[in-house]
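# Results of the structural survey
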Amino acid sequence: MLKEATTQTKEKRQVMQETPTDLNREGVAEITADLHRLLADAFALYLKTKNFHWHMTGRHFRDYHLLLDEHSEQIFAMTDDIAERARKIGGTTLRSIGDISRHQRLTDNDDESVAPVEMLAELNADNQALTRYFRSAHELCEKYNDVATASLIEVWIDQTERRTWFLSEVVQDL
């Protein structure tokens, strides 16, 4: 009796997790896998940006501190949209810090001391890499005609390119 109730509960959970979508299963699986990587990269970039925000020093401290705070807020806002998009199409999303570390492509920076110019240059390179990852995900969405995810990605590309632009301008002057 207990085993039968447990099986019924699992079946109910599986039914509740199925989200209606006209995307085929293969498309959902591939797009969700890409969204996992994008979400992990967004969290990695968020934390690195906050790390550099917290540890910024030097003549332009206030300007860079505020710039990185603005960037981190924008990146963090993106995370919920990425995760929810995966759920909307019937996929799952990341569940833990360990899950993030298994999926991220952007590298962490655990150095105790990083010069401001190195911080900004590293964030510039990471934002450029994230733009490339978004473009690749966009191509995958086009393959499966997932116009909604592609549309969101276009906004994230624009935001990421703007961050790259700002960081590039600052780094050129240093």
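Below or above, wherever it landed, is the structure these notes cover.

Definitions and limits used
Residues numbered from 1 in each chain as written. Predicted model: local features only at pLDDT ≥ 70, side-chain atom pairs only at ≥ 80, totals over all residues. Heavy atoms only, no water. Core = buried A, V, L, I, M, F, W, Y, C linked by side-chain atoms within 4.5 Å. Buried < 20%, exposed > 50% of the residue type's maximum accessible area, 1.4 Å probe, protein only. Helix = DSSP H or I, 4+ residues; strand = E, 2+ residues; numbered from the N terminus. Contact = heavy atoms within 4.5 Å. Salt bridge = Lys/Arg side-chain N within 4 Å of Asp/Glu carboxyl O.

### Thoughts on the nonpolar core
Residues I31, L68, I82, L120, F134 and I153 are the most contacted members of the largest nonpolar core, which totals 41 residues. Of all the secondary structure elements, the ones that give two or more residues to this core are α2 (25-54), α3 (61-88), α5 (116-143) and α6 (147-172). Top element by residues in this core is α2. It accounts for 10 residues. Ignoring any residue separated from it by four or fewer positions in sequence, one finds L68 in contact with T49, F52, H53, M56, L120, L123 and L167.

### Focus on the pattern of salt bridges
Applying the stated criterion across every chain yields a total of 10 salt bridges. Close ionic contact of K143 with E30 constitutes a salt bridge, the shortest N to O distance being 3.9 Å. Here K143 is found in helix α5, whereas its partner E30 is found in helix α2, with 113 residues between them in sequence. Residue K143 is classed as exposed on the basis of its relative accessible area of 56%. Accessibility expressed as a relative area gives 27% for E30, which makes it partly exposed. Linking E122 and K48 is a salt bridge whose minimum nitrogen-to-oxygen distance equals 2.6 Å.

Taken by themselves, the reported measurements are silent on function.
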